[in-house]
Amino acid sequence: MRRVAVLGATGSIGASTLDVIARHPARFTASVLAAHSKVDELVALCVRFRPRLAVIADAALENELARKLRHAGVDCAVAGGPDAVTAAASGELCDTVVAAIVGAAGLESTLAAARAGKRLLLANKESIVMAGPLLLAALREGGGDLVPIDSEHNAIFQCLPGGRPALAAAGVRRIILTASGGPFRGRTRADLAAITPAQAVAHPRWSMGPKISVDSATLMNKGLEVIEAHYLFNAAPDDIQVLVHPQSLVHSLVEYLDGSVLAQLGNPDMRTALAHALAYPERIEAGVPPLDLATAGKLEFEDPDTETFRCLALAFAALRAGGDATAILNAANEVAVAAFLGGTLHFLGIADIVETVLAELPPEPVVDIPTLVARDGAARAAARRVLSRAYC
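Note that this is a predicted model, so its numbers are computed, not measured.

1. Observations concerning the overall build of the protein
- A count of helices and strands for the protein gives 17 helices and 11 strands.
- Along the longest, intermediate and shortest principal axes, the C-alpha atoms of the protein span 55 × 50 × 40 Å.
- The buried share of the protein, taken over its 392 residues, is 56%.
- In the protein, the share of contacts with a sequence separation of at least 24, taken over all contacts with a separation of at least 6, comes to 69%.
- For the protein, the exposed area adds up to about 15,600 Å²; of that, 53% sits on carbon and sulfur atoms.
- Each charge class in the protein was averaged separately, 35 positive and 41 negative side chains, and the resulting centres sit 3 Å apart.

Written out as structure tokens, the structure is:
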């Protein structure tokens, strides 16, 4: 029986995780459920899954959560605040942690789970984008294992022998990440000038939160995945390629030195990757319909348009720059996306903000969490200054 902590339980990945868990009550239990601020949704999940611990990251809501759980007849421990989320990730109530908190807010709990030797199911790509070397060191220290649950990285994991081997020793030539292209594939920069937040969050294939949906629309999400692949699989930037594949049936590919290319295919449903990661190395039913290639139609592939969707090129540039440039990129992007969703920045301005902040803050070595958090804060402050100068 795996005891699973779901961090980000009220989000889309949390919902998919809990769906898989519910299908296998003899194998998994949701022992810890954590959310940011959606008290009523968290209570409803607690009523259904009966965790040992419920955590709300917004400490001001802890008493409300406790009161509503008592009223609902749920007998479990309650905690509030970011430190409580981190403690839950490393605590004794779980052996598996689904790290699905969006953004930099998920960094501390992800690192804590790694240090504690948990099986880490990583969806919070910002943790590895910000602190890749620190996360890998924490995994070595804790002795746990990491199974990625982003569909692309999970696909690569499945196409490699043993999950995360040394690529050269495994005879790998390159890793190929696929991208749907987002809702604006094929459009020009002129077409994108008046894009609204409602249009940007309408992803053609995946149901995701607003921030990740905007990142998909700008291709920043794919850029973050390139950085993640670099750390997860020790792949040089030049050994990572991105292909736009609008059908989203081929989730990623691995090319070997002998000319073989292995691909992982499946219907676009996060439950496939989650079921694989939860049960690895076994296979279990995920609730995902079988892929019918006879009716799927053509499978198309094309190079990404990095002149129109500049965020992907900026992510590659930050990765090549080294140090904490990827953390700077991530912080500036989070501020820019929030401004776009709030109506104070136009869609094309997201890349402009990120590029300006990268130029203002040259990379420094990744030393420790306090230094990284300080640099993250400096990048956010710089992004806000750029916004106030140019867009307000």
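2. Notes on the pairing of strand E4 (residues 77–80)
- Sheet topology note: the strand E3 (residues 53–56)/E4 ladder contains 4 bridges and is parallel. Paired with Leu53 across the strands is Ala77, a residue of E4.

3. Some points on empty space enclosed by the protein
- Within this structure, the stated rule accounts for 2 cavities of 30 Å³ or more.
- Of the volumes computed, that of the largest cavity is approximately 90 Å³.
- Every residue lining the largest cavity is listed: Arg189, Leu192, Thr218, Thr308, Phe309, Arg310, Cys311, Phe347, Leu348, Ile350 and Ala351.
- In this structure, the second largest cavity spans a volume of roughly 60 Å³.
- What lines the second largest cavity is simply Ser151, Asn154, Gln158, His251, Gln264, Asn267, Asp269, Met270, Thr272 and Ala273.
- Contributing elements (two or more residues each) for the lining of the second largest cavity: helix H7 (151–159) and helix H12 (270–279).
- In terms of residue class, the lining of the second largest cavity is made up of 2 nonpolar, 7 polar and 1 charged.

4. Things to note about helix H16 (residues 349–360)
- A rise of 1.5 Å per residue sets the reference length of H16, with its 12 residues, at 16 Å; its end C-alpha atoms lie 16 Å apart and thus fit the reference within 8%.
- Turning to H16, its buried residues number three or more, namely Gly349, Ile350, Ala351, Ile353, Val354, Val357 and Leu358.
- On its buried face, H16 sits against helix H10 (210–218), helix H11 (220–233), helix H14 (310–321), helix H15 (325–341) and helix H17 (369–390).

5. Digging into the sheet that holds strand E11 (residues 261–265)
- Strand order across the open sheet formed by 4 strands is E9-E8-E10-E11, with mixed pairing between neighbours. At either margin of the open sheet sits one strand with a lone partner, and together these are strand E9 (240–244) and E11. Neighbour-to-neighbour, the strand axes of this sheet turn through a mean angle of 20°, independent of strand direction.
- Each of strand E8 (172–179), strand E10 (250–256) and E11 touches H7; the most contacted strand, E10, lies at about 40° to it.
- Strands in contact with H11 are E8 and E9; relative to E8, the strand with the most contacts, it is inclined by about 150°.

6. Some remarks on the layout of surface pockets
- The computed volume of the second largest pocket comes to approximately 300 Å³.
- As for the second largest pocket, its lining consists of 17 residues, of which Thr272, Ile284, Ala286, Val288 and Pro289 are closest to the centre.
- When contributions to the lining of the second largest pocket are tallied by element, the ones reaching two or more residues are E11 and H12.
- At 3 residues, H12 tops the list of elements feeding residues into the lining of the second largest pocket.
- Of the residues assigned to the lining of the second largest pocket, the class counts are 8 nonpolar, 6 polar and 3 charged.

What counts, and at which threshold
- Residues numbered from 1 in each chain as written.
- Predicted model: local features only at pLDDT ≥ 70, side-chain atom pairs only at ≥ 80, totals over all residues.
- Heavy atoms only, no water.
- Helix = DSSP H or I, 4+ residues; strand = E, 2+ residues; numbered from the N terminus.
- Buried < 20%, exposed > 50% of the residue type's maximum accessible area, 1.4 Å probe, protein only.
- Contact = heavy atoms within 4.5 Å.
- Areas by Shrake-Rupley, 256 points an atom, 1.4 Å probe, with all protein chains shown as cover.
- Lys, Arg positive; Asp, Glu negative; His and termini not counted.
- Charge placed at Lys NZ, Arg CZ, Asp CG, Glu CD.
- Pairing = 2+ DSSP bridges.
- 1 Å grid on protein atoms, 1.4 Å probe; cavity = no way out; pocket = protein on both sides within 12 Å on 5 of 7 lines; lining within 4 Å.
- Points joined across faces, edges and corners; volume = space filled by probe spheres on them.
- Nonpolar A, V, L, I, M, F, W, Y, C, P; charged D, E, K, R; others polar.
- Expected span 1.5 Å × (residues − 1).
- Axes fitted to C-alpha atoms, helices over the stretch in contact; angles between N-to-C directions.

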